[in-house]
There are 2 protein chains.
Amino acid sequence: MPVNAIVGQSGGPTAAINATLAGVFTELKKAGIDTVYGTVNGIEGILKNKIVILDEILTTDEKIQALQTTPASFLGSCRYKLPKDFSDPSVYEQIFSFLKAHDIRYFFYIGGNDSMDTVAKLSEYARQKNYDIYVIGVPKTIDNDLAITDHTPGFGSAAKYIATSVKEIARDSDVYDLKSVTIVEIMGRHAGWLTAASALARCEDSIAPHLIYLPEIPFSYERFVADVKRVQEDHSNVIVCVSEGIKEENGTFVCESASSGLTDVFGHKCLSGTAKVLENYVRSTLGCKARGIELNVLQRAAGHLLSKTDIEESCAFGQEAVKAALRGETGKMIIGTRTASSSYKLTFSSTDIQNAANAEKTVPLEFISPERNDVTGAFIAYATPLIQGEIFPPYENGLPVHLVLKQV
Amino acid sequence: MPVNAIVGQSGGPTAAINATLAGVFTELKKAGIDTVYGTVNGIEGILKNKIVILDEILTTDEKIQALQTTPASFLGSCRYKLPKDFSDPSVYEQIFSFLKAHDIRYFFYIGGNDSMDTVAKLSEYARQKNYDIYVIGVPKTIDNDLAITDHTPGFGSAAKYIATSVKEIARDSDVYDLKSVTIVEIMGRHAGWLTAASALARCEDSIAPHLIYLPEIPFSYERFVADVKRVQEDHSNVIVCVSEGIKEENGTFVCESASSGLTDVFGHKCLSGTAKVLENYVRSTLGCKARGIELNVLQRAAGHLLSKTDIEESCAFGQEAVKAALRGETGKMIIGTRTASSSYKLTFSSTDIQNAANAEKTVPLEFISPERNDVTGAFIAYATPLIQGEIFPPYENGLPVHLVLKQV
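Residues numbered from 1 in each chain as written. Chains lettered and ligands numbered in written order. Predicted model: local features only at pLDDT ≥ 70, side-chain atom pairs only at ≥ 80, totals over all residues.

1. Concerning the overall build of chain A
Of the regular secondary structure elements, chain A holds 15 helices and 15 strands. Principal-axis analysis of the C-alpha atoms places the extent of chain A at approximately 75 × 45 × 45 Å. Of all intrachain contacts in chain A linking residues separated by at least 6 positions in sequence, the fraction that spans at least 24 positions is 75%. (Helix = DSSP H or I, 4+ residues; strand = E, 2+ residues; numbered from the N terminus. Contact = placed C-beta atoms within 7 Å.)

The following block contains the structure:
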């Protein structure tokens, strides 16, 4: 009887999630697993019978290489949540009858918090039913907000893109001999890890960003303007990095403050972003040139600018998941732990999925400056190793090559 | 008596303008020019006595290499316009007395339309006064809207960044199994060259963008929605690229249509972008997921993603400027002409500055599809050679290294 495996991706895409997929696939083949299936759009693929055979797709080293540097989820994603109640087992039975019919013993799910919930439920159901099926979760999220693991695969590449872009934006803002304030809006509704990573832009040729506001700290327009004025005493062109999720003490998101009740000429509700709100605020209160920049989805999709450390680790997370499953583990998530030594090194292990699911990790106070408008040296020491090294995708006719299931 | 030269940069920054500066400098040194000065913030540097000696900065090949891949204007920029009237010569005499005092025989100015106006005036003044000073302009602009030259240095790298980013955005938009419309806003107030370049994203793994709207064609909300609906019949995730400068038949910019009369909770005028307006419009009229993305200043400042063709040509433009000046030419701008052969090749020459200054080149109708929502194969054939090849900046500690006059 063949021994097969299946792998799926779930949650928001990242630039490194396919490196994990490559790690899972190559390690499974190394272990002699017969067929490796992929479920398209996460767990929905099994329910809707959208399955691919990865062995037929990843036929050469070149294709596996291209997969590693292809951004977004190669197998597609979903936000589907499995039913809580095992007593109505129709969905679960559909999934497990598929797995058994295909001789699948190992199930790998690459995703964030919600995806770990899927891993928890599937592994528990298999355990209760005594199915010989092993379910392992592999974390990914640019947001770095998963508990227990030192950091998440995907964060390093997003951090590198953000730091590089902020450095380039600072350079661009500085060419004219006049005062300006540039506000860069960075992803992270509840956790400020990515916004904090903008501080990595600082180096020999750059001291920007000058101010950093995280969602962990209540935002005050008054303090913000006072901060900008103080920076302007020394710097003509002020670079401010803000999380999309900053909100005032009373709980109002900054991005909502300008849009309530506004409609455009067509009568549509006018939605604005955090950077745009602050741009307008600076222009009105300080009277200087102001520009809001949203880094937007490129911070998670820029496959053209990857952290080598992140891509290699993302691949290793996938390999470790396979090793854990082959050891007979189930209902576990792979985590990375930083060894306490002078040079950076990550070691891998697994943790019970219950420890990981639904726990959100925000930026701790020791990483936030006492003035609450910057990060500390401790954060820089934490994050710097994660953006080291570069991996570039293959290029063809001037463009990066992506490995895809279909054209978009 | 020494023979010296000076060089300045003006207008909006690009990712390739410093490659031209490197070309000017290296060619001048090759020709045995004694001292090469740089004027900081364009012509304003001479008027405000902000001058650097490039020989003291560009001391190694490594530094010249780093300069070539540093985005934005190394010497800073300005928007200063010289007085029209020679009969009030105080500004002109200040400039030329500086040049003579420093034994400067050659003056190079790298910039766009306005900068060529400066070249025209300075060369004409020198001619009238019989000064032995030669003034040459070197074009740069991501907008590609300068007349006569086949294209402008800086356009190719911006086009490559845009095509790559649009491809990555398309990949990101496609991971979920649901309908979405993504609107990507690209620079170009009057000329649609950069927005047209988004079509270069199409390749074996991508057919996005599905719709392209240029400022050369009046925009119609009705046609736009009909176009999107038609594309949605075949594609769940529609990618639309629009120029920031699209406007309706009646002359109203789309980006203005939503902001007139709107104020935020602080009573400030609410300004929005073209993509945001169309995002809200799609959400309201079609009811599907919609997202507006502004590529913003990174499309001109992304030194981490450069076209090798563009950087090499930008450098060559600078070298050709030096050759022209040494031949005794003045009041000229360097242009590139594509030789009519099967493979792409650019040859350089100079043209009278009057032909170049203040003439704007928009996208011709032969490059725009009959349906007016796309570009033609002729445009693809024109633009494809300009994004070929990659040059990456040096990296240090995870970040691209920039050569700078001062930290920002």
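So, next bit.
2. Examining the pairing of strand E11 (residues 332-338) of chain B
All names here are of chain B. Bridging between strand E5 (residues 134-139) and E11 involves two bridges; their strand directions are parallel. Paired with Gly137 across the strands is Met333, a residue of E11. Two strands pair when backbone bridges link them, and E11 and strand E12 (residues 346-352) are joined in this way by seven bridges, in the antiparallel orientation. Note on E12: the bridge partner recorded for Ile334 is Ser350. (Pairing = 2+ DSSP bridges.)

3. Regarding the interface of chain A and chain B
Taken together, the 70 residues of chain A in the interface contact 70 residues of chain B. Taken together, the residues of the side of chain A that touches chain B break down into 33 nonpolar, 24 polar and 13 charged. (Nonpolar A, V, L, I, M, F, W, Y, C, P; charged D, E, K, R; others polar.)

4. Digging into the domain arrangement of chain A
The extent of an interface is frequently quoted as the accessible surface area lost upon association of the parts. All names here are of chain A. Assigned domains within chain A: domain 1 (4-142 + 303-359 + 388-400) and domain 2 (155-300). Spacing between the C-alpha centres of domain 1 and domain 2 amounts to 34 Å. Across the boundary between the two partners, domain 1 contributes twelve residues, which contact eleven residues of domain 2. Counting only elements with at least two residues in the side of domain 1 that touches domain 2, the list comes to strand E10 (306-307) and helix H13 (308-326). When residues in the side of domain 1 that touches domain 2 are grouped by element, the largest group, three residues, is from H13. Its residues assigned to classes, the side of domain 1 that touches domain 2 shows seven nonpolar, four polar and one charged. (Domains from an automatic or database assignment.)

5. Observations concerning helix H11 (residues 274-286) of chain A
Residue and element names in this part refer to chain A. With 13 residues, H11 should cover 18 Å at 1.5 Å per step; its first-to-last C-alpha distance of 18 Å lies within 8% of that length. Within the sequence span of H11, burial applies to Thr274, Ala275, Lys276, Val277, Leu278, Glu279, Asn280, Tyr281 and Val282. Buried residues along H11 sit in contact with strand E6 (180-186), helix H9 (221-232), strand E8 (237-243), helix H10 (254-257) and strand E9 (289-294). Phi for Gly287, located one or two positions after H11, is positive at around 75°. (Expected span 1.5 Å × (residues − 1). Buried ≥ 20, exposed ≤ 12 C-beta atoms within 10 Å, placed from the backbone.)

6. Focus on the sheet that holds E8 of chain A
Residues and elements named next belong to chain A. If you trace the four strands from one edge of the open sheet to the other, you get E7-E8-E6-E9, paired in parallel fashion. Lying at the two open borders of the sheet, with one neighbouring strand each, are strand E7 (211-213) and E9. Each adjacent strand pair in this sheet contributes to an overall mean axis angle of 15°, direction not counted. The sheet contact formed by E6 and E8 spans seven bridges and is parallel. Across the sheet, residue Thr182 finds its bridge partner in E8, namely Ile239. (Axes fitted to C-alpha atoms, helices over the stretch in contact; angles between N-to-C directions.)

7. Here we look at helix H13 (residues 308-326) of chain B
Along an α-helix, residues three or four apart share an orientation, since each turn contains 3.6 residues. Between the first and last C-alpha of H13 of chain B there are 27 Å, a value that for 19 residues agrees with the 27 Å anticipated at 1.5 Å per step. Summarising burial for H13 of chain B: 14 of the 19 residues are buried, a large majority.

8. Considerations on the relation of the copies chain A and chain B
Each copy superposes on the other: chain A lies on chain B with an RMSD of 0.0 Å after a rotation of 180° and an axial shift of 0.0 Å. One copy is carried onto the other by what is essentially a two-fold rotation axis. Of all interface residues in chain A, 100% are interface residues in chain B too; the two copies therefore contact each other through one and the same surface. (Least-squares fit on C-alpha atoms with pLDDT ≥ 70 in both.)

9. Section: the sheet that holds strand E9 (residues 289-294) of chain B
Residue and element names in this part refer to chain B. With respect to topology, four strands assemble into an open sheet ordered E7-E8-E6-E9, the strand pairing being parallel. Every other strand in the sheet has two partners, leaving strand E7 (211-213) and E9 as the edge strands with one partner each. Strand after strand, the sheet turns through a mean of 15° between neighbouring axes, direction not considered. The sheet contact formed by strand E6 (residues 180-186) and E9 spans six bridges and is parallel. Along E9, the bridge assignment pairs Glu185 with Glu294. Strands E6, E7 and strand E8 (237-243) of the sheet are contacted by helix H9 (residues 221-232), whose axis makes an angle of about 150° with E8.

10. A few points about the packing of helix H1 (residues 17-30) of chain B against helix H4 (residues 61-68) of chain B
All names here are of chain B. Running from N to C, H1 and H4 point in directions that differ by 145°, and their axes come no closer than 7 Å. Residues Asn18, Ala19, Leu21, Ala22 and Thr26 of H1 touch H4, and the partners they reach there are Ile64, Leu67 and Gln68. Residue classes in the contact of H1 with H4 are distributed as five nonpolar, three polar and no charged.

11. Concerning unusual backbone geometry
With an omega of 0°, the peptide bond running from Ala208 of chain A to Pro209 of chain A counts as cis. Even without a glycine there, the phi angle at Arg372 of chain A is positive, about 65°. Within the secondary structure, Arg372 of chain A sits in the loop between helix H14 (353-356) and helix H15 (377-383). You will see that Asp103 of chain B, though not glycine, has its phi angle at about 55°, which is positive. Tracing the sequence through the fold places Asp103 of chain B in the loop between helix H5 (90-101) and strand E4 (104-111). The exposure class of Asp103 of chain B is partly exposed, given the 13 C-beta atoms found within 10 Å.

12. Examining the environment of Val228 of chain B
Residues and elements named next belong to chain B. When you line up the elements, Val228 lands in helix H9. Residues Val228 and His210, 18 residues apart in the sequence, show an inter-C-alpha distance of 8.6 Å. Residues contacting Val228, with those up to four places away along its chain left out, are Val181, Leu211, Val238, Val240, Val282 and Leu286.

13. Thoughts on the pairing of strand E1 (residues 4-9) of chain B
All names here are of chain B. Of all six residues in E1, five are buried, a share of seventy percent or more. Of the pairings in the sheet, the one linking E1 to E4 comprises six bridges and is parallel in character. Bridge assignment links Asn4 to a residue of E4, and that residue is Ile104. As paired elements, E1 and strand E2 (residues 36-39) share four bridges and run parallel to each other. Looking at E2, one finds that Val7 is bridged to Gly38. Assessed by its sense of winding, the connection that carries the chain from E1 through H1 to E2 is right-handed. (Right-handed = clockwise from strand over helix to strand, strands pointing away.)

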